[in-house]
Amino acid sequence: MTNTTGKSVVVLDYGFGNVRSAERALARAGAEVEITADYDRAMAADGLLVPGVGAFAACMEGIRKVRGDWIVGRRLAGGRPVLGICVGMQVLFSRGIEHGVESDGLDEWPGTVAPLRAPVVPHMGWNTVQAPQDSQLFAGLAEDARFYFVHSYAVRAWEMEPSSSAIRAPKVTWATHGEPFVAAVENGALWATQFHPEKSGDAGARLLENWLDTL
């Protein structure tokens, strides 16, 4: 594993998300972490983490207020790594539907975040995932590794069409709670998880180290 010490990461502070727990987890993994909404600092960092807790629409409003939509878009246009967590993953899709109201997301991926159809909602607690064998994000983790989820909404279908070009297809990881849903995505410089790696113990720590290795 590459030495992650000294990699700079900005946790985007837009008013929604467990920024302190994310900061601590990244620091334990060896990163130099800063919590800020400053455009220049967020653009200059080796990695950007977009957290998220709460409602899709409210998170999008907060992101736009700090120009987070510009930050994410400009970083990805330059191939600069971005990691979304929980609602920070959900807002990367085209739209979210909550209580019958549809809101626009960042539209980095096509798809809809909709209510999770399960006997018990929210999906709260530990669950396993089904990751692709060549996943970088889950490298070194056992197939039965468990991660901590807290959510009532999810992306239930992967809608991006396969590319006929030389561009590598995204790696999509799935989990099941009542029905299958997207648990993580690796797509070039843009990675995301529906679960909380910062709350997922040793497995989550290894996953964050894997991300830091790519910076």
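Here, the structure is the one placed above.
Residues numbered from 1 in each chain as written. Predicted model: local features only at pLDDT ≥ 70, side-chain atom pairs only at ≥ 80, totals over all residues. Heavy atoms only, no water.

Student: Whenever I open this one, the overall build of the protein chain confuses me. Can you help?
Tutor: Counting secondary structure elements, the protein chain contains six helices and 13 strands. For 215 residues, the compact-globule estimate of 2.2 N^0.38 gives 17 Å, and the protein chain sits close to it at 16 Å. Structurally, the protein chain occupies a C-alpha span of about 45 × 40 × 40 Å along its principal axes. The buried share of the protein chain, reckoned over its 215 residues, is 49%. Taking the intrachain contacts of the protein chain between residues at least 6 apart in sequence as the baseline, contacts between residues at least 24 apart amount to 72%. Total accessible area computed for the protein chain in this model is approximately 9,800 Å², and 49% of it derives from carbon and sulfur atoms. A gap of 2 Å separates the mean positions of the 19 positive and 25 negative side-chain charges of the protein chain. (Helix = DSSP H or I, 4+ residues; strand = E, 2+ residues; numbered from the N terminus. Rg over C-alpha atoms; globule rule 2.2 N^0.38 Å. Buried < 20%, exposed > 50% of the residue type's maximum accessible area, 1.4 Å probe, protein only. Contact = heavy atoms within 4.5 Å. Areas by Shrake-Rupley, 256 points an atom, 1.4 Å probe, with all protein chains shown as cover. Lys, Arg positive; Asp, Glu negative; His and termini not counted. Charge placed at Lys NZ, Arg CZ, Asp CG, Glu CD.)

Student: I keep staring at helix α3 (residues 56-65) and nothing clicks. Help me out?
Tutor: Each full turn of the α-helix corresponds to 3.6 residues, which orients residues three or four apart in the same direction. Burial in α3 covers these residues: Phe56, Cys59, Met60, Gly62 and Ile63. Considered in projection along α3, the buried side chains sweep an arc of 160 degrees and stay on one side of the axis. Those residues of α3 hidden inside the fold are in contact with β3 (47-50), α4 (68-77), α5 (87-90), β5 (93-98), β6 (101-104) and β7 (109-115). Backbone geometry just after α3 places Arg67 at a positive phi near 60 degrees. (Arc of directions from axis to C-beta.)

Student: Would you take a moment to explain the sheet that holds β5 for this structure?
Tutor: In a beta sheet, neighbouring strands are held together by backbone hydrogen bonds and run either parallel or antiparallel to one another. Read from one edge of the open sheet, four strands run β6-β5-β7-β10, paired in mixed fashion. Strands at the two margins of the open sheet, each flanked by one partner only, are β6 and β10 (153-155). On average, each strand axis in the sheet is inclined to that of its neighbour by 25 degrees, with strand direction left out of account. Alignment of β5 against β7, held across three bridges, turns out to be parallel. (Pairing = 2+ DSSP bridges. Axes fitted to C-alpha atoms, helices over the stretch in contact; angles between N-to-C directions.)

Student: I'm lost on the nonpolar core in this one. Help?
Tutor: Across soluble globular proteins, nonpolar side chains show a tendency to be buried alongside one another. Grouped together as the largest cluster of nonpolar side chains are 64 residues, with contacts concentrated most on Leu26, Leu48 and Phe147. Beyond its immediate sequence surroundings of up to four residues, Leu48 is in contact with Val10, Leu12, Ala42, Ile71, Val72, Arg75, Pro81, Val82, Leu83 and Trp211. (Core = buried A, V, L, I, M, F, W, Y, C linked by side-chain atoms within 4.5 Å.)

Student: What am I meant to see in the packing of aromatic side chains here?
Tutor: Inspection of the entire model under this criterion finds ten aromatic pairs. Ring centres of Phe93 and Trp158 lie 6.1 Å apart, and the angle between their planes is 90 degrees; this geometry places the pair in the edge-to-face category. Within this pair, whereas Phe93 is found in strand β5, its partner Trp158 is found in the loop between β10 and β11 (171-177), the two being separated by 65 residues in sequence. Under the relative-accessibility criterion, Phe93 is labelled buried at 0%. We classify Trp158 as partly exposed; its relative accessible area is 21%. Relative to Phe195, the ring of Phe149 has its centre 5.5 Å away and its plane inclined at 70 degrees; by these criteria the two rings are edge-to-face. Of this pair, Phe149 sits in strand β9 (residues 146-151) while Phe195 sits in the loop between β13 (190-193) and α6 (201-213); the two residues are 46 residues apart in sequence, bridging distant segments of the chain. (Phe/Tyr/Trp six-rings, centres within 6.5 Å; stacked < 30°, edge-to-face > 60°.)

Student: Help me understand the sheet that holds β3 in this model?
Tutor: In space, the seven strands of this open sheet follow the order β2-β1-β3-β4-β13-β12-β11, with mixed pairing throughout. Here the strands that pair on one side only, and so sit at the sheet edges, are β2 (32-36) and β11. Here the strands of the sheet are splayed against their neighbours by 25 degrees on average, with no regard to which way each runs. In this sheet, β3 lies alongside strand β1 (residues 8-12) in parallel orientation, the contact comprising three bridges. Looking at the pairing, Val9 lines up with Gly47 of β3. Set on the sheet, helix α1 (residues 19-28) makes contact with β1, β2 and β3; between it and β2 the angle comes to about 165 degrees.

So, to be careful, I would describe these as geometric facts and stop short of saying anything about function.
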